[in-house]
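Structure at a glance
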Amino acid sequence: MYVYILGGFLGSGKTSLLMKLASMYIERKLHVALLVNESGEVGVDGTTLRAEGYDAIELPNGCICCSLSGTLQNALQSIKRDIDPDIIIVEPTGLALPHKVKELVRISMIDPDGTFIVGIVDVQRFDDLIKKKEEFFKRQMHGSDFILINKSDLATPEKLEEIKGWMASEFPDKPVLSISVKTGESLDKVYGMMK
Ligand SMILES: Nc1nc2c(ncn2[C@@H]2O[C@H](COP(=O)(O)OP(=O)(O)O)[C@@H](O)[C@H]2O)c(=O)[nH]1
Ligand SMILES: [Mg+2]
């Protein structure tokens, strides 16, 4: 079993990517369970996901990396016990720190074969985040195993290069890919990076 944590600010495209990844895994004939922590964000809730046939669990309001850490661990343990999927995808809120979520996965004793963080960045939000919340943004991205610059359909090639340049100077070891969940651009590369 592998666990993926989707990190990124509100609106970056976490839920959109989650849906794509879920259907990709189903095509691969793998059993995927989804764990979402909406907390007031606009998005797809557990009920909708279940109606579409996914094994989905929705955690109540609050942040799974802090106040709901115990709830997250219980949910992970019951997914392991009741569903025992090949893949768990966790979407924390846009304010969560994914490396904290990863630590909670580690100590939850579900013992996955690997836990990976996918950092997602919205091209349209990038300048604003760097201006107003640079430290938070860096902390949110720093544990990522790879970084996806999403909504490339809304950016010029120059803007994408600028963001990639920033990533390369801040996070020289991390693979960075620009994608569009909407148009499907480079999603095949993302799928290739997933177990
Ligand atoms: N243009 C464009 N819009 C996108 C893309 N990915 C997501 N969105 C839109 O961005 C908004 C926020 O996406 P969502 O997946 O809910 O983000 P979350 O808050 O991180 O879960 C929605 O209106 C999506 O349709 C993309 O690649 N391009
Ligand atoms: Mg969402």
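Values in this document were obtained by computation on a predicted structure and should not be read as measured data.

Conventions used here
- Residues numbered from 1 in each chain as written.
- Chains lettered and ligands numbered in written order.
- Predicted model: local features only at pLDDT ≥ 70, side-chain atom pairs only at ≥ 80, totals over all residues.
- Heavy atoms only, no water.
- Helix = DSSP H or I, 4+ residues; strand = E, 2+ residues; numbered from the N terminus.
- Rg over C-alpha atoms; globule rule 2.2 N^0.38 Å.
- Contact = heavy atoms within 4.5 Å.
- Buried < 20%, exposed > 50% of the residue type's maximum accessible area, 1.4 Å probe, protein only.
- Near = heavy atom within 4 Å.
- Polar contact = N/O pair within 3.5 Å; in protein donor to acceptor, adjacent residues only side chain to side chain.
- Areas by Shrake-Rupley, 256 points an atom, 1.4 Å probe, with all protein chains shown as cover.

1. Regarding the overall build of the chain
Within the chain, the secondary structure is distributed over seven helices and seven strands. Going residue by residue from the N terminus, the α and β elements of the chain occur as β-α-β-α-β-α-β-α-β-α-β-α-β-α. Taken over the C-alpha trace, the chain has a radius of gyration of 16 Å; the compact-globule value for 195 residues is 16 Å, and the two agree within 12%. Taking the principal axes of the C-alpha coordinates as reference, the chain spans close to 50 × 35 × 30 Å. Residue pairs at least 24 apart in sequence account for 74% of intrachain contacts in the chain once pairs closer than 6 positions are excluded.

2. Overview of the environment of lysine 14
With respect to the helices and strands, the residue lysine 14 is situated in helix H1 (residues 14-27). Judged by its relative accessible area of 3%, lysine 14 is buried.

3. Things to note about the site of ligand 1
Taken together, 17 residues sit near ligand 1, with Gly11, Lys14, Thr15, Ser16 and Asp153 positioned nearest. Within the backbone of glycine 11, one N or O atom sits 2.8 Å away from an oxygen atom of ligand 1. Taking serine 16, its side chain carries an N or O atom lying 2.6 Å from an oxygen atom of ligand 1. Protein burial of ligand 1: of its 580 Å² of free accessible surface, 74% is covered by the chains. Among the elements that make up the shell around ligand 1, the one with the highest residue count is H1 (three residues).

Interpretation note: all reported values are geometric properties and have no functional meaning in isolation.
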